[in-house]
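A closer look at the structure
What follows is each chain in one-letter form.
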Amino acid sequence: MEFLRDELLATPSSARLYTLLQPSPRLGGPPHGSDPEELVRQVHQWHPETRWILIARILHTFVDRLTEDNARDLLKILRSAMTALGHKQLAAEVAAIEERQ
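Keep in mind it's a predicted model, so treat the numbers as computed, not measured.

1. Overview of the overall build of the protein
In terms of helices and strands, the protein carries six helices and zero strands. Along the protein, helices (α) and strands (β) appear in the sequence α-α-α-α-α-α when read from the amino end. For the protein, the share of sequence-separated contacts (at least 6 apart) that also reach a separation of at least 24 residues comes to 18%.

Structural data, given as structure tokens:
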């Protein structure tokens, strides 16, 4: 059970890979239309040493150390950056989450 939790289900991509590689009547086998190339890309993307995973860890530590006011300021900066880079929908999603808090 630990192997399943710690290895196979550790990330969304590894869990998806497991369902693809281990056809099982209980799991229903691989999803229709699965793309192995996309699956490999996802596994690589979630690797613990990839740039964005490392950055996410640093950001998590950084945000955890912020005061509530500083955290709000960071969210404003993030929304502005998303908007400036053409991701208005993502900025709106951040704003919606912020409003719920």
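There is more to say after this.
2. Quick look at the packing of helix H5 (residues 68-84) against helix H6 (residues 88-100)
With their axes 7 Å apart at the nearest point, H5 and H6 run at an angle of 160° to one another. As far as their axial angle goes, H6 and H5 are roughly antiparallel. The chirality of how H5 crosses H6 is left-handed. Across the interface between the two elements, Arg-72, Leu-75, Leu-78, Arg-79, Met-82 and Thr-83 from H5 touch Lys-88, Leu-90, Ala-91, Val-94, Ala-95 and Glu-98 from H6. Its residues assigned to classes, the contact of H5 with H6 shows seven nonpolar, one polar and four charged.

3. Overview of the pattern of salt bridges
Considering all chains together, one arrives at two salt bridges under this definition. Notably, a salt bridge pairs Asp-69 with Arg-72, separated by 2.7 Å at the nearest N-O pair. Residue Asp-69 and its partner Arg-72 are located together in helix H5, separated by three residues, close to a single helical turn. Put simply, Glu-98 and Arg-79 hold a salt bridge, and the shortest N to O gap is 2.3 Å. Note that Glu-98 is positioned in helix H6 and Arg-79 in helix H5, a separation of 19 residues in sequence.

4. Some thoughts on H5
Between the first and last C-alpha of H5 there are 24 Å, a value that for 17 residues agrees with the 24 Å anticipated at 1.5 Å per step. Positioned one or two residues after H5, Gly-86 has a phi angle of 90°, which is positive.

5. Observations concerning the side chain of Thr-50
Among the secondary structure elements, Thr-50 is positioned in the loop between helix H3 (36-45) and helix H4 (51-64). Discounting residues that sit within four places of it in the chain, Thr-50 has contacts with His-44 and Gln-45.

6. Points about the environment of His-44
Position of His-44 among the secondary structure elements: in helix H3. Residues His-44 and Ser-14, 30 residues apart in the sequence, show an inter-C-alpha distance of 9.8 Å.

7. A word on a nonpolar patch on the surface
Together, Trp-52, Ile-55, Ile-58, Leu-59, Phe-62 and Val-63 line one region of the surface with nonpolar side chains, adding up to about 600 Å² of accessible area. By the secondary structure assignment, Ile-55 is in helix H4. A relative accessible area of 32% means that Ile-55 is categorised as partly exposed.

Scoring rules and cut-offs
- Residues numbered from 1 in each chain as written.
- Predicted model: local features only at pLDDT ≥ 70, side-chain atom pairs only at ≥ 80, totals over all residues.
- Heavy atoms only, no water.
- Helix = DSSP H or I, 4+ residues; strand = E, 2+ residues; numbered from the N terminus.
- Contact = heavy atoms within 4.5 Å.
- Axes fitted to C-alpha atoms, helices over the stretch in contact; angles between N-to-C directions.
- Parallel < 35°, antiparallel > 145°, perpendicular 65-115°, else oblique.
- Left-handed = near helix turned anticlockwise from the far one by under 90°.
- Nonpolar A, V, L, I, M, F, W, Y, C, P; charged D, E, K, R; others polar.
- Salt bridge = Lys/Arg side-chain N within 4 Å of Asp/Glu carboxyl O.
- Expected span 1.5 Å × (residues − 1).
- Patch = residues over 30% accessible without salt bridge, like charges linked within 9 Å, V, L, I, M, F, W, Y side chains within 5 Å.
- Areas by Shrake-Rupley, 256 points an atom, 1.4 Å probe, with all protein chains shown as cover.
- Buried < 20%, exposed > 50% of the residue type's maximum accessible area, 1.4 Å probe, protein only.

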